[in-house]
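Working through the structure, step by step
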Amino acid sequence: MSAHTLLVLYGSQTGTAQDTAERIGRQAQRRHVRVRVEALDSYNVVNLISEELVVFVCATTGQGDPPDNMKNFWRFLFRKSLPVGSLCRLDYAVLGLGDSSYPKFNFVAKKLHKRLLQLGASALLPVGLADDQHDLGPDGVIDPWLTAFWEKTLDLYPPPAGLQPLKDTELLPPRYVFHFVDDVTKKPADQSREVEQGTKSLQGLSFAARMISNQRVTHLEHFQDVRLIEFDITGSNIEFSAGDVVMMRPKNSLEDVEQLCNLLRLDPERQFILQPTDRTAGHVPAHLPQPCTIRHLVESFLDISGVPRRSFFELLASFATNELEAEKLAEFSSAQGQEELHSYCSRPRRTALEVLADFPHTTAAITVDYLPDLFPEIQPRSFSIASSLLMHPNRIQILVAVVRYKTQLHKPRKGLCSTWLASLDPMQGEVLVPLWVKKGGLRFPSDTNTPVIMVGPGTGVAPFRSAIQERTAQHRNGNVLFFGCRSESRDFYCRSEWEELQQGGCLTLFTAFSRDQEDKVYVQHRITEQARLLWDLIVNRNAHFYIAGNAKQMPTAVCDALKGAFQTEGGVSKDQAEEMLSTMEKAGRFQSETWS
């Protein structure tokens, strides 16, 4: 084993950066390099001054923001008081994960790279900018970047002579060992108390909120099931403002839990205690109770219904004994097989559970200790809060579009969290959902006279419902909402509420029902129609402009319509209109929150 230690630090929002960091960790083990893999905020950043070799793997979220689990690190690293040469001992590499369809593509990785250079650290190679839009996905950049990284690193920090790298198919030790507890005198009450008392999260303790209502707000014959769900947060001390989000961790369906237990021949009621294989480097996930049942692990912790990443196939290949299965898994694990893997897995959205069923001989060889290595942890989901405490004290409301769609596979694809939430029925008995609140990306003006223009088609209207309720309770006028959906009679949710506010003079509402006439009408068309009003509000009354909703085409189309309004009403050139929008964004007067 090498005398030097490689530290891999990651900032991950959805788990992809963590998966990549762990992949680098496995590659280090195969090359006999000592390695530690940690989330940036769990690492004591003051120790960075004494590190020799660090790889940073970080995603970019929102409008160029760092992920939640690296925000403390980020604040520390950008302190002006840090001496310029404080990291002069450090050799480092930065690998960014991003999506070039967003304006601030890999902003965090680029900024981190620049800051580390300022502090005197030495870059081993140029910053890697992985891109979801690449033909082969992020791996199209990650694979060659890692090849270059290992060539450079092993040249500078060679492992002991005579040691050959381990083969990719050679099984590495699992991260954790399961110690089954067969003679337990008491039930593992931790699992029931987890819901009663809340669970540990990155933000601290979550609160077990009682679901009050789960109401469908689209017509029963409409293809899209959208729910308005209300929770009681009495006694939680939770506070929030318009633009904030609520977080919750979904559960796998009972059907999927039973299927996995059957495939792997696991007794769901069996209890175990989890221990890290390397007790100096690892720790048991904080919100996993000890002791724990297999059922709780599979239902509430392991993401068995997600589309598996390449690392899943790499580990699966280590268990393969059947020649045909081994050959196919080796192909899916290789750089050359990524297009084939994309066609098999990502394009049809095949789940990890379905993959196991496709490789029965390999699945039969999987041992329980490798479950946490094989399946990532279920990630918390975020929802824009759609209500205000000023209008609904001790309540949180959210708008949820239940995700369900068809691919080439026979079985419809379902969103894990939205399907789970839709299945909960408070009319059939008490339903408790652990949740917590965090600051969102939208900030609304504190000045009572500042108008707000909000463009929120579909469930993108959620944060604006919260803002309108909040501003109405504070007697603030100048609330302009552009709402779009398919049909006035089928998915115009919160209609009576908007109309009542409109009649009371608290809201100016413009609607776009795309399928109610021969020519499709979208929110951007209404923006163009109201160019004079928007010009007056923005230029003469200093209005703020907000967009929320699907990131596909709507945000760009709305921005183009707004710039068009500047040109027609203000008589400015195309470049000047672009500059106006840029100036608004820098001043916080133009904000967007979109998702793909």
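What counts, and at which threshold
- Residues numbered from 1 in each chain as written.
- Predicted model: local features only at pLDDT ≥ 70, side-chain atom pairs only at ≥ 80, totals over all residues.
- Heavy atoms only, no water.
- Helix = DSSP H or I, 4+ residues; strand = E, 2+ residues; numbered from the N terminus.
- Rg over C-alpha atoms; globule rule 2.2 N^0.38 Å.
- Buried < 20%, exposed > 50% of the residue type's maximum accessible area, 1.4 Å probe, protein only.
- Contact = heavy atoms within 4.5 Å.
- Areas by Shrake-Rupley, 256 points an atom, 1.4 Å probe, with all protein chains shown as cover.
- Lys, Arg positive; Asp, Glu negative; His and termini not counted.
- Charge placed at Lys NZ, Arg CZ, Asp CG, Glu CD.
- Pairing = 2+ DSSP bridges.
- Arc of directions from axis to C-beta.
- Axes fitted to C-alpha atoms, helices over the stretch in contact; angles between N-to-C directions.
- Left-handed = near helix turned anticlockwise from the far one by under 90°.
- Nonpolar A, V, L, I, M, F, W, Y, C, P; charged D, E, K, R; others polar.
- Salt bridge = Lys/Arg side-chain N within 4 Å of Asp/Glu carboxyl O.
- pLDDT = per-residue confidence, 0-100.
- Disulfide = S-S within 2.5 Å.

Section: the overall build of the chain
Each helix and strand counted, the chain has 20 helices and 24 strands in total. Taken over C-alpha atoms, the radius of gyration comes to 26 Å for the chain, in line with the 25 Å a tight globule of 596 residues would show. The C-alpha extent of the chain, read off along each of the three principal axes, is 80 × 60 × 45 Å. Going through the 596 residues of the chain one by one, you find that 52% of them count as buried. Partitioning the contacts of the chain with sequence separation of at least 6, the portion at a separation of at least 24 is 76%. When the accessible surface of the chain is summed, it comes to about 28100 Å², and 49% of that surface belongs to carbon and sulfur atoms. Computed over 64 positive and 71 negative side-chain charges, the separation of the two mean positions in the chain equals 3 Å.

Observations concerning the sheet that holds strand S14 (residues 292-293)
Taken together, three strands build an open sheet; the order of strands is S7-S13-S14 and the sheet is antiparallel. The two strands at the open ends of the sheet, each matched to only one other strand, are strand S7 (176-180) and S14.

Brief notes about helix H10 (residues 338-346)
Those residues of H10 that fall on the buried side of the exposure criterion are Gln338, Leu341, Tyr344 and Cys345. The buried residues of H10 occupy an angular sector of 125° when projected down its axis, which confines them to one face. Residues of H10 that are buried sit in contact with helix H4 (139-156), helix H8 (310-319), helix H9 (323-333) and helix H11 (352-358).

With respect to the pairing of strand S11 (residues 226-232)
Taking burial as the measure, the seven residues of S11 include seven buried ones, the bulk of the element. What you see with S11 is no split at all: Val226, Leu228, Glu230 and Asp232 on one side and Arg227, Ile229 and Phe231 on the other are buried throughout. Relative to strand S16 (residues 395-401), S11 is paired through seven bridges, and the arrangement is antiparallel. Within S16, the residue paired with Ile229 across the bridge is Ile398.

A short note on the packing of helix H19 (residues 554-570) against helix H20 (residues 574-586)
At a minimum axis separation of 9 Å, H19 and H20 run at an interaxial angle of 120°. Considering how the two elements wind past one another, H19 and H20 form a crossing that is right-handed. Contacts between H19 and H20 involve Cys559, Leu562, Lys563, Phe566 and Gln567 from the first element and Lys574, Ala577, Glu578, Met580, Leu581 and Met584 from the second. Within the contact of H19 with H20, the residues separate by chemical class into seven nonpolar, one polar and three charged.

Brief notes about the packing of H8 against H9
Packed helices, taken two at a time, are described by the angle between their axes plus the distance between the axes. One can describe the packing of H8 onto H9 by two numbers: an axis separation of 8 Å at closest approach and a directional angle of 145°. Viewed along their axes, H8 and H9 form a crossing whose handedness is left-handed. Counted together, Arg310, Phe313, Glu314, Leu316 and Ala317 of H8 and Leu329, Phe332 and Ser333 of H9 form the full contact between these two elements. Per-class residue counts for the contact of H8 with H9 are five nonpolar, one polar and two charged.

Examining unusual backbone geometry
The peptide bond linking Gln290 to Pro291 adopts the cis configuration, its omega dihedral lying at -5°. With respect to the helices, strands and loops of the structure, Pro291 is situated in the loop between strand S13 (271-276) and S14. Within the chain, Asn106 stands out as a residue other than glycine whose phi angle is a positive 50°. Examined against the element boundaries, Asn106 turns out to sit in the loop between strand S4 (91-98) and helix H3 (107-118).

Details of the side chain of Ser592
Take Ser592: it is sitting in strand S24 (residues 590-595). With near-sequence residues (within four places) excluded, Ser592 lies in contact with Gln63, Leu442 and Ile547.

Let's talk about the environment of Ala326
Residue position: Ala326 is located in helix H9. The exposure class of Ala326 is partly exposed, given its relative accessible area of 26%. Sequence-wise, Ala326 and Leu432 are 106 residues apart; in three dimensions their C-alpha atoms are separated by 44 Å.

Notes on the pattern of salt bridges
Under the counting rule described, the total for this entry stands at 34 salt bridges. For Asp143, the salt bridge goes to Arg310, with nearest N and O atoms at 2.7 Å. Of this pair, Asp143 sits in helix H4 while Arg310 sits in helix H8, and the two are 167 residues apart along the sequence. Looking at Arg310, the relative accessible area reads 10%, which means it is buried.

With respect to the sheet that holds S16
In space, the six strands of this open sheet follow the order S15-S12-S19-S10-S11-S16, with antiparallel pairing throughout. Edge positions in the sheet fall to strand S15 (381-384) and S16, since each has one partner strand and no second. Neighbour-to-neighbour, the strand axes of the sheet open up by a mean angle of 40°, direction not taken into account. In this structure, strand S10 (residues 207-216) lies alongside strand S19 (residues 432-438), joined through four bridges in antiparallel fashion. By the bridge assignment for S19, Phe207 is matched with Leu435.

Some remarks on the confidence of the model for the chain
On average, residues of the chain score 92 in pLDDT, and 95% of them are at 70 or above. For the stretch residues 192-197, pLDDT sits under 50, and the model shows ten contacts to residues farther than four places along the chain or on other chains.

Regarding the state of the cysteines
One pass over the structure, following the stated rule, counts zero disulfides. Distance from the sulfur of Cys417, which forms no disulfide, to the nearest cysteine sulfur (Cys494) is 19 Å. A relative accessible area of 4% places Cys417 in the buried class. Of all cysteine sulfurs, the one in Cys494 lies closest to Cys506, which takes part in no disulfide; the gap is 16 Å.

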